[in-house]
Amino acid sequence: MSLWFLLPVVLGASLLLTWILRRYALSRSLMDIPNARSSHSIPTPRGGGVAIVLAYLAVLPVVGYDGWLSWPMVIGLMGAGAWVAVIGFLDDHGHIAARWRLLAHFMGAAWLLAWLPELPHLAIAGTSFDLGLIGYLLAALMLVWLLNLYNFMDGIDGIASVEAITVCAGGALLYALIGMPALAAAPLLLAGAVAGFLVWNFPPARIFMGDAGSGFLGVVLGGLTLQAAWVAPQLLWAWLILLGVFVLDATFTLLRRLMRGDKVYEAHRSHAYQYASRQYGAHLPVTMAVLAINILWLLPWACVVALGYIDGLLALLIAYLPLALLAVRFNAGQLEKA
């Protein structure tokens, strides 16, 4: 089946499903009510990210059937993604204690890793390292951190959607650059599913993603990152560069809060993007800034890494440096003044 046929179908399905979910949320009063830790001021329906989950899970078997992704990876992504989405959905509609959520997240990561043919080697300065069991532990930690940080970073209108679309489109371009364009289908279809939701989530948002959608995106993007590294070791660094805005802001904020002794599992609004949105008095400038950084700064670095012009770890450090300066500039992790 043609990718260019599937892409608008997935986008349209996500668009329609988000509309249905919004109507359902409004009818059942499933609203995100603003509080002191919110970055919005108007009650808004939540749970729209389920549309992304359903649209992408529905198309993944086609991706496997057409050979755009191996069946083990398809099964791994579907199982981990669906499991994490269910946990997020239950948490959206009630409450699951942080320790049980974390356990469930590691179970999802373990499922995904179990379907990998082998763990990708780590490429640093032209040398390839087989990390063995330590590598699996690090990969599980990466997957769990990505799905949680995606939840943390989904705090203003459109930002999580724009991040996913640009990362996936960038990842697809990397596959084209190394001469493997067929592998671009999986990330492009995910971008299409998110684009359908973004129509409703673009500032000012008419529905929010919710934990089901953000957790799903985090674990699937992590899985696609490992898939890329398995295809070509340098692509691990390239995908991590593409994810830089979310990885740097969330990690910088977490470390600063840990050093201060905060309860890091409690809700807060001290990420750099949240401070920036309050400083500028709107979500749109920050979301568009993320779009610009991803396309104009991070994507070129990811491309030169994919093409082998520079060591991946070195390029990642260079690409992340301005992001770290922005995190400092916008007080990431700092206590908000009363």
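Note: the structure precedes this text.
Residues numbered from 1 in each chain as written. Predicted model: local features only at pLDDT ≥ 70, side-chain atom pairs only at ≥ 80, totals over all residues. Heavy atoms only, no water.

Draft legend 1. Seen up close, the pattern of salt bridges. One pass over the full model with this rule turns up three salt bridges. We note a salt bridge from arginine 257 to aspartate 262, for which the minimum N-O separation is 3.5 Å. The class of arginine 257 is buried, set by a relative accessible area of 6%. Look at aspartate 262 and you get partly exposed, because its relative accessible area is 22%. We note a salt bridge from aspartate 262 to arginine 260, for which the minimum N-O separation is 2.5 Å. Three or more residues joined by partner-sharing salt bridges are found here, namely Arg257, Arg260 and Asp262. (Salt bridge = Lys/Arg side-chain N within 4 Å of Asp/Glu carboxyl O. Buried < 20%, exposed > 50% of the residue type's maximum accessible area, 1.4 Å probe, protein only.)

Draft legend 2. Here's a closer look at the nonpolar core. Tyr56 and Leu190 are the most contacted members of the largest nonpolar core, which has 103 residues in total. When sequence neighbours within four positions are dropped, the list of residues in contact with tyrosine 56 reads Ala186, Pro187, Leu189, Leu190, Ala193, Phe216, Val220 and Leu224. (Core = buried A, V, L, I, M, F, W, Y, C linked by side-chain atoms within 4.5 Å. Contact = heavy atoms within 4.5 Å.)

Draft legend 3. Seen up close, unusual backbone geometry. Residues proline 203 and proline 204 are joined by a peptide bond in cis, for which omega reads -5 degrees. Here proline 204 is to be found in the loop between α7 (185–201) and α8 (210–231). A positive phi angle, near 55 degrees, is found at serine 29, a position not held by glycine. In this fold, serine 29 is placed in the loop between α1 (3–27) and β1 (31–32). The residue alanine 125 is not glycine, and still its phi comes out positive at about 50 degrees. With a relative accessible area of 60%, alanine 125 lands in the exposed category. (Helix = DSSP H or I, 4+ residues; strand = E, 2+ residues; numbered from the N terminus.)

Draft legend 4. How the structure looks around the environment of alanine 140. For alanine 140, the location among the structural elements is in helix α5 (residues 132–153). Since its relative accessible area comes to 11%, alanine 140 is described here as buried. Note: C-alpha distance between alanine 140 and tryptophan 301 (161 residues apart in sequence) is 26 Å. Apart from residues lying up to four places away in sequence, alanine 140 is in contact with Phe106, Ala109 and Leu113.

Draft legend 5. Region of interest: a nonpolar patch on the surface. There is a patch of nonpolar side chains on the surface, built from Leu102, Phe106, Phe129, Leu131, Ile134, Leu137, Leu138 and Leu141 and spanning about 700 Å² of accessible area. Contributing elements (two or more residues each) for the nonpolar patch: α4 (98–114) and α5. Counting residues per element, the nonpolar patch draws most heavily on α5, at four residues. With respect to the helices and strands, leucine 102 occurs in helix α4. Taking the relative accessible area as the measure of exposure, leucine 102 reaches 39% and is therefore partly exposed. (Patch = residues over 30% accessible without salt bridge, like charges linked within 9 Å, V, L, I, M, F, W, Y side chains within 5 Å. Areas by Shrake-Rupley, 256 points an atom, 1.4 Å probe, with all protein chains shown as cover.)

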